[in-house]
Amino acid sequence: MCLIMSEQSLWRGTSSQFKNLWPFVSCILVLPIPWAVYRWLEVKSTVFELTTERLITERGILSKTKDSLELYRVRDLQVTQPLSLRLFGLENIHLITTDSVTPSVIIESVPKSLKLGDLLRTQVEETRMAKRVRTVDVEDGSVDSDGHSH
């Protein structure tokens, strides 16, 4: 008997508007307000959704683009907290992938309290085990005629 598990959403959200702090401040000082509104819409219209199998990114204000990254393709994950984000309890999550279309994904300014980095790391490992996918790091790549690496 084969059990088929349906894909479930684990998290869905957007970046914090904090990443627009300087554009908003410069709007008050120099630039026109429509630019700040555009930046606000740009952040609000970029939605990330983590499912049990994929990270789906939907972006666009008028026209929408939807990217789907299979979690087993995530090669490395880095969580960074510059001082400006730490002061507000936010962090950036950078995914390095083996996907040719999306080699890098950055989820900016998400609340640290979500522990999204840990959730992603756990789900990547679970997806790899479920799909029986292993990553192999090749340092040199040179192989002699007998198939031995150098």
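In this report, we go over the structure that sits alongside the text. (Residues numbered from 1 in each chain as written. Predicted model: local features only at pLDDT ≥ 70, side-chain atom pairs only at ≥ 80, totals over all residues. Heavy atoms only, no water.)

Taken together, the side chains of Ile33, Trp35, Val37, Tyr38, Trp40, Leu41, Ile61 and Leu62 make up a nonpolar region of the molecular surface, amounting to roughly 810 Å² of accessible area. Along the polypeptide, Trp40 turns up in helix 2 (residues 33-44). (Patch = residues over 30% accessible without salt bridge, like charges linked within 9 Å, V, L, I, M, F, W, Y side chains within 5 Å. Areas by Shrake-Rupley, 256 points an atom, 1.4 Å probe, with all protein chains shown as cover. Salt bridge = Lys/Arg side-chain N within 4 Å of Asp/Glu carboxyl O. Helix = DSSP H or I, 4+ residues; strand = E, 2+ residues; numbered from the N terminus.)

Note on sheets: strands pair through backbone hydrogen bonds, and any given pair is parallel or antiparallel. Here four strands make up an open sheet; going across it, the order is 1-2-3-4 and the pairing antiparallel. Each having just a single partner strand, strand 1 (9-13) and strand 4 (65-70) make up the two edges of the open sheet. Strand-to-strand twist in this sheet, taken as the mean axis angle between neighbours without regard to direction, amounts to 15 degrees. In this sheet, strand 2 (residues 47-51) lies alongside strand 1 in antiparallel orientation, the contact comprising four bridges. The partner of Arg12 across the bridge, within strand 2, is Glu49. (Pairing = 2+ DSSP bridges. Axes fitted to C-alpha atoms, helices over the stretch in contact; angles between N-to-C directions.)

Moving on to the sheet that holds strand 7 (residues 104-111). The antiparallel open sheet is built from three strands, whose spatial order is 5-6-7. Looking at which strands have only one partner, the edges of the open sheet turn out to be strand 5 (74-80) and strand 7. Pairwise comparison of adjacent strand axes, ignoring direction, gives a mean angle of 15 degrees for this sheet. Where strand 6 (residues 90-97) and strand 7 come together, six bridges link them in antiparallel fashion. Paired with Glu91 across the strands is Val110, a residue of strand 7. Packing of helix 4 (residues 116-131) onto the sheet brings it into contact with strand 5, strand 6 and strand 7, and relative to strand 5 it is tilted by some 170 degrees. (Contact = heavy atoms within 4.5 Å.)

On to the side chain of Gln123. Topologically, Gln123 is positioned in helix 4. In this structure Gln123 comes out as buried when scored by relative accessible area, which is 9%. If sequence neighbours within four positions are ignored, Gln123 has contacts with Leu10, Thr51, Thr52 and Leu71. (Buried < 20%, exposed > 50% of the residue type's maximum accessible area, 1.4 Å probe, protein only.)

All right, on to helix 4 then. With 16 residues, helix 4 extends 22 Å from end C-alpha to end C-alpha; this agrees with the ideal 22 Å at 1.5 Å per step. For helix 4, the set of buried residues is Leu116, Gly117, Leu120, Gln123, Val124, Thr127 and Arg128. Viewed along the axis of helix 4, the buried residues span an arc of 135 degrees, placing them on a single side of the element. In this structure, helix 4 carries Met129 and Ala130 as exposed residues pointing more than 90 degrees from its buried face. Residues of helix 4 that are buried sit in contact with strand 1, strand 2, strand 5, strand 6 and strand 7. Once helix 4 ends, the next one or two residues include Arg132, with phi positive near 55 degrees. (Expected span 1.5 Å × (residues − 1). Arc of directions from axis to C-beta.)

By themselves, these figures tell us nothing about what the structure is for.
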